[in-house]
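A closer look at the structure
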Amino acid sequence: MKKFLALLLALVMVFALAACGGEGETTTTEPPADDTTAPVDDTTAPEEPDALDPNDIEDNIEAESYEIAFVTDVGALHDKSFNEGTWNGVKLYAAQNDKTYKYYQPANDADATDEDRFEAMSQAVANGAKVVVCAGYLQEAAIRRAAIEFPDVHFVFIDGYSLTEDPDNPDAAVLTNVAGVNFNEEQCGYLAGYAVVKEGFTQLGFSGGGGGTNAACCRYGYGYLQGASAAAEEMGVDVTVNYSWQYGGAFQASPELQSMIAGWYTNGTEIVFACGGSMFSSITSAASANDGWVIGVDVDQSSQSDTVVTSAMKGIDQAAILCLGHHYDGTWEEVGGKTTTLGAAQDAVGLPTDTWSLENFSVEEYETLFASIKDGSLVIDAEYPVDDSGMDNADSLNGELPNITINVI
């Protein structure tokens, strides 16, 4: 685990194993970088190349075509979260392997349609893309259409799964040019919930993106509740959690979200898990104004706000690098047409012990807990409860998880 933590800053490459541009594409490879986030990388690489900072990687603006394309999820490219983490993986792989690359943002931003996403992918192929990395579960329909139309192009579906030609036909052919990669978010959600309760927080919050239907965010939230409950039971304390999917459907910051979270802090909530991309800025703003604390998501967000105590991280850059490696080394069949899940067993989830501000929960305690998840002696349930409409139903966990009361808002 220590090696994993070191590699959070070392940006090790892996080979083993969700501003609009006109017509769905940007006019440059990347806008001026303003990020300081260090991506997460795997520990299974046979070699450790020199560390690279994504900010130091120059754009390929003079290239006539671009081999690697990245199609963003909703929100800004530099969202300090899901989009940016995936983009960092694309940039790192391209820089270390002398490949050209370009990003494409579907038209209409948060209101992007499947057609907008497909047009972005089509433009990428027209510009020479041999492999297209797509971030977010909302890309499913567009990836399916693009994969059928461009069978010689490989598509990487981050936070996704394998796809068939027809989702309504159980006998439909699997699209072997699509590689789905997802994560055990419940594991890092658990680690975050457990850690902050051990730290002494008992009035918690969770604000999630996707409206309660995004599987990744639901797994984060369910793991968070399980971890908080486990720590509370061990300590003999009671924990209360405000739990909401309001104002997060489009993963955007908003005055309404900030106002809601400010109200939570005013009424006693101590720390909120900001689980939804650009929603982070509304939640940290509310925390700053009300002496509250925040848990970041996807990447280490400690550099973005003094309110961040720790972050529940997953290797989104790692997933991009993984699949790009299989594309270029001729082993695509190991991921194409399949769903690859990354978690503690691959050192692909965790908390950033080098930057967290926890004082009562030690690194040693964390490493012991992480090891128990990694070796399978502690299993975190990933099957979050849903209601008849398929929406997250955390309210049903009241009475099921000990020492925790969940107020669904």
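Residues numbered from 1 in each chain as written. Predicted model: local features only at pLDDT ≥ 70, side-chain atom pairs only at ≥ 80, totals over all residues. Heavy atoms only, no water.

A look at the confidence of the model for the chain
Scored by pLDDT, the chain comes out at a mean of 87, with 84% of its residues at no less than 70. Here residues 1-50 is modelled with pLDDT under 50, and outside its nearest four sequence neighbours on either side it reaches 160 contacts, counting other chains as well. (pLDDT = per-residue confidence, 0-100. Contact = heavy atoms within 4.5 Å.)

Examining the side chain of Ser282
As for its position among the elements, Ser282 is in helix 8 (residues 279-289). Those residues in contact with Ser282, other than ones at most four positions away along the chain, are Ala253, Ser254, Leu257 and Gln258. (Helix = DSSP H or I, 4+ residues; strand = E, 2+ residues; numbered from the N terminus.)

Re the sheet that holds strand 13 (residues 404-408)
The pairing of strands in a sheet comes from backbone hydrogen bonds and takes either a parallel or an antiparallel form. Read from one edge of the open sheet, 7 strands run 12-10-9-8-6-7-13, paired in mixed fashion. Edge positions in the sheet fall to strand 12 (349-350) and strand 13, since each of these pairs with one other strand and no more. Where strand 7 (residues 239-244) and strand 13 come together, 5 bridges link them in parallel fashion. Paired with Asn242 across the two strands is Asn407, which belongs to strand 13. (Pairing = 2+ DSSP bridges.)

Comments concerning unusual backbone geometry
Unlike most non-glycine residues, Asp98 shows phi in positive territory, near 55°. Note on placement: Asp98 falls in the loop between helix 2 (82-97) and strand 2 (101-104). Judged by its relative accessible area of 74%, Asp98 falls in the exposed class. If you check the backbone angles, Asp347 has positive phi at about 55° while not being a glycine. (Buried < 20%, exposed > 50% of the residue type's maximum accessible area, 1.4 Å probe, protein only.)

Notes on the sheet that holds strand 11 (residues 339-342)
The strand order 2-1-3-4-5-11 describes an open sheet built from 6 strands, whose pairing is parallel. One side of each edge strand has no neighbouring strand; the edge strands of this open sheet are strand 2 and strand 11. Across the sheet, the mean angle from the axis of one strand to that of its neighbour is 20°, orientation sign disregarded. Across 4 bridges, the pairing between strand 4 (residues 154-158) and strand 5 (residues 178-183) is parallel. Each bridged residue has a counterpart across the sheet, and for Phe155 the counterpart in strand 5 is Val178. Sheet contacts for helix 4 (residues 140-149): strand 3 (131-135), strand 4 and strand 5; angle to strand 4, the most-contacted strand, approximately 170°. (Axes fitted to C-alpha atoms, helices over the stretch in contact; angles between N-to-C directions.)

Comments concerning helix 6 (residues 215-235)
Across its 21 residues, helix 6 extends 30 Å between first and last C-alpha, which sits within 8% of the 30 Å expected from 1.5 Å per residue. Two or three places before Ala216, at the opening of helix 6, Asn214 has a side-chain oxygen 3.1 Å from that residue's backbone nitrogen. Directly beyond the C-terminal end of helix 6, a positive phi value near 70° is found at Gly236. (Expected span 1.5 Å × (residues − 1). Polar contact = N/O pair within 3.5 Å; in protein donor to acceptor, adjacent residues only side chain to side chain.)

Some points on the packing of helix 5 (residues 185-199) against helix 6
Axis separation between helix 5 and helix 6 bottoms out at 6 Å; the angle between their running directions is 35°. In this structure, helix 5 meets helix 6 at a crossing whose hand is right-handed. For the contact of helix 5 with helix 6, the class distribution of residues is 13 nonpolar, 5 polar and 5 charged. (Left-handed = near helix turned anticlockwise from the far one by under 90°. Nonpolar A, V, L, I, M, F, W, Y, C, P; charged D, E, K, R; others polar.)

Things to note about helix 2
The terminal C-alpha atoms of helix 2 lie 23 Å apart, and with 16 residues this matches the ideal 22 Å at 1.5 Å per residue to within 8%. The buried fraction of helix 2 is high, at 13 of 16 residues. One or two steps after helix 2, the chain reaches Asp98, where phi turns positive at roughly 55°.

A look at the environment of Ser282
Residue Ser282 is classed as buried on the basis of its relative accessible area of 4%. Residues Ser282 and Glu256 lie 26 residues apart in sequence; the distance between their C-alpha atoms is 8.8 Å.

Quick word on the pairing of strand 6 (residues 203-208)
Of all 6 residues in strand 6, 5 are buried; the element is thus mostly enclosed. Pairing analysis gives 5 bridges linking strand 6 to strand 7, with the strands arranged parallel. Looking at strand 7, one finds that Gln203 is bridged to Thr240. Handedness of the crossover joining strand 6 and strand 7 through helix 6 is recorded here as right-handed. When strand 6 meets strand 8 (residues 271-275), the two strands line up parallel, connected through 5 bridges. Its bridge partner being in strand 8, Phe206 is matched across the sheet by Phe273. (Right-handed = clockwise from strand over helix to strand, strands pointing away.)

A closer look at the packing of aromatic side chains
Going through the model one piece at a time under the given rule, you end up with 17 aromatic pairs. A centroid spacing of 5.8 Å and a plane angle of 65° characterise the contact between Tyr194 and Phe361, whose relative ring orientation is edge-to-face. Here Tyr194 is found in helix 5, whereas its partner Phe361 is found in the loop between strand 12 and helix 10 (363-374), with 167 residues between them in sequence. For Tyr194, a relative accessible area of 9% corresponds to the buried category. (Phe/Tyr/Trp six-rings, centres within 6.5 Å; stacked < 30°, edge-to-face > 60°.)

Topic: the side chain of Asp298
Mapped onto the secondary structure, Asp298 falls in strand 9 (residues 293-298). One buried charged residue, Asp298, remains without a salt bridge, the closest side chain of opposite sign being Lys314 at 4.0 Å. Side chain to side chain, Asp298 and Tyr220 meet in a polar contact 2.7 Å long. (Lys, Arg positive; Asp, Glu negative; His and termini not counted. Salt bridge = Lys/Arg side-chain N within 4 Å of Asp/Glu carboxyl O.)

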